[in-house]
Amino acid sequence: MPPRQPLELLDCSPPLMREPLDTDRAAAVARVFKALGDPVRLRILSIVASHAGGEVCVCDITSAFDVSQPTISHHLKVLKEVGLLTSERRASWVYYRLVPETLGELSGLLNVPTTV
């Protein structure tokens, strides 16, 4: 899988409903939503987002699930590849944090006025 390409949205980018996406931008956004379409990955993201201090040790993520450690590693890799998470190794543990810019870009795309 090629490295994640930023969605390249600006603060002034119009929401999804006001301007059609071009092919490349739609593909990039679809990869992020596809990653979020898995319940385990969505739960991982929520664990990281809700953790005090904004980061979580991989040991705390793994212990929250009834799946194998390699499965969790795969899900974390997918979330990193689409730019939703970043990580830092400290000794023998890896700590994960959200990438707020990616979540902000998704939020901006879906920001639809209540009077459409």
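Residues numbered from 1 in each chain as written. Predicted model: local features only at pLDDT ≥ 70, side-chain atom pairs only at ≥ 80, totals over all residues. Heavy atoms only, no water.

Colleague: Account for helix H1 (residues 23–36), naming residues and giving values.
Modeller: Helix length check: H1, at 14 residues, gives a terminal C-alpha distance of 20 Å against a target of 20 Å (1.5 Å per residue), a fit within 8%. Along H1, the residues that are buried comprise Arg25, Ala28, Val29, Val32, Ala35 and Leu36. Buried residues along H1 cover an arc of 120 degrees about the axis, so they all sit on one side. Seen from the buried face of H1, the exposed residues on the opposite side, beyond 90 degrees, are Thr23 and Lys34. Next to the buried residues of H1 lie helix H2 (39–50), helix H4 (69–81) and helix H5 (100–110). The N-cap residue of H1 is aspartate 22: its side-chain oxygen and the backbone nitrogen of aspartate 24 are 3.2 Å apart. (Helix = DSSP H or I, 4+ residues; strand = E, 2+ residues; numbered from the N terminus. Expected span 1.5 Å × (residues − 1). Buried < 20%, exposed > 50% of the residue type's maximum accessible area, 1.4 Å probe, protein only. Arc of directions from axis to C-beta. Contact = heavy atoms within 4.5 Å. Polar contact = N/O pair within 3.5 Å; in protein donor to acceptor, adjacent residues only side chain to side chain.)

Colleague: How would you explain the packing of aromatic side chains if you had to name every residue and give the values?
Modeller: The full count for this structure, using the stated rule, is zero aromatic pairs. One Lys or Arg, arginine 90, reaches over the ring of tyrosine 95 and ends 4.4 Å from the middle of that ring. (Phe/Tyr/Trp six-rings, centres within 6.5 Å; stacked < 30°, edge-to-face > 60°. Lys NZ or Arg CZ within 6 Å of the ring centre and 35° of its normal.)

Colleague: Can you explain the nonpolar core? Please cite residues and give values.
Modeller: Judged by nonpolar contacts, the single largest core of 24 residues is most densely connected at Ile44, Ile61, Leu76, Leu84, Leu85 and Tyr96. Looking at this core, the elements with two or more residues in it are H1, H2, helix H3 (58–62), H4, strand E3 (93–98) and H5. A per-element tally of this core places H2 first, with five residues. Non-local contacts of tyrosine 96, meaning those with residues more than four positions away in its chain, are made with Val48, Gly54, Glu55, Val56, Val58, Ile61, Leu76, Lys80, Leu85, Thr86 and Ser87. (Core = buried A, V, L, I, M, F, W, Y, C linked by side-chain atoms within 4.5 Å.)

Colleague: Give me the lowdown on the sheet that holds E3, citing residues and values where you can.
Modeller: An order of E1-E3-E2 is seen for the three strands of this open sheet, with the pairing classed as antiparallel. Strands with a single pairing partner mark the edges of an open sheet, and in this sheet they are strand E1 (55–57) and strand E2 (85–90). Taking the axes of each pair of neighbouring strands and ignoring which way they run, one obtains an average angle of 25 degrees across the sheet. Where E2 meets E3, six bridges bridge the pair, whose relative direction is antiparallel. (Pairing = 2+ DSSP bridges. Axes fitted to C-alpha atoms, helices over the stretch in contact; angles between N-to-C directions.)

Colleague: A description of the environment of valine 58 should follow, citing residues and the corresponding values.
Modeller: Structurally, valine 58 is set in helix H3. Separated by eleven residues in the primary sequence, valine 58 and glutamine 69 have C-alpha atoms spaced 9.4 Å apart.

Colleague: Kindly report on the environment of alanine 64, identifying the contributing residues and their values.
Modeller: Turning to its location among the elements, alanine 64 is positioned in the loop between H3 and H4. Expressed as a C-alpha distance, the spacing of alanine 64 and isoleucine 44, which sit 20 residues apart in the sequence, is 8.8 Å. Not counting residues up to four positions away in its chain, the partners in contact with alanine 64 are Arg43 and Ile47.

Colleague: Residues and numbers for H4, please.
Modeller: Taking 1.5 Å as the rise per residue, H4 with 13 residues should run 18 Å; its terminal C-alpha atoms sit 18 Å apart, in good agreement. Buried within H4 we find Ile72, His75, Leu76, Val78 and Leu79. Each buried residue of H4 sits inside an arc of 155 degrees when the element is viewed along its axis, so together they form one side. In this fold, the buried residues of H4 make contact with H1, H2, H3, E2 and E3. Downstream of H4 by a residue or two, glycine 83 has a phi angle that is positive, lying close to 85 degrees.

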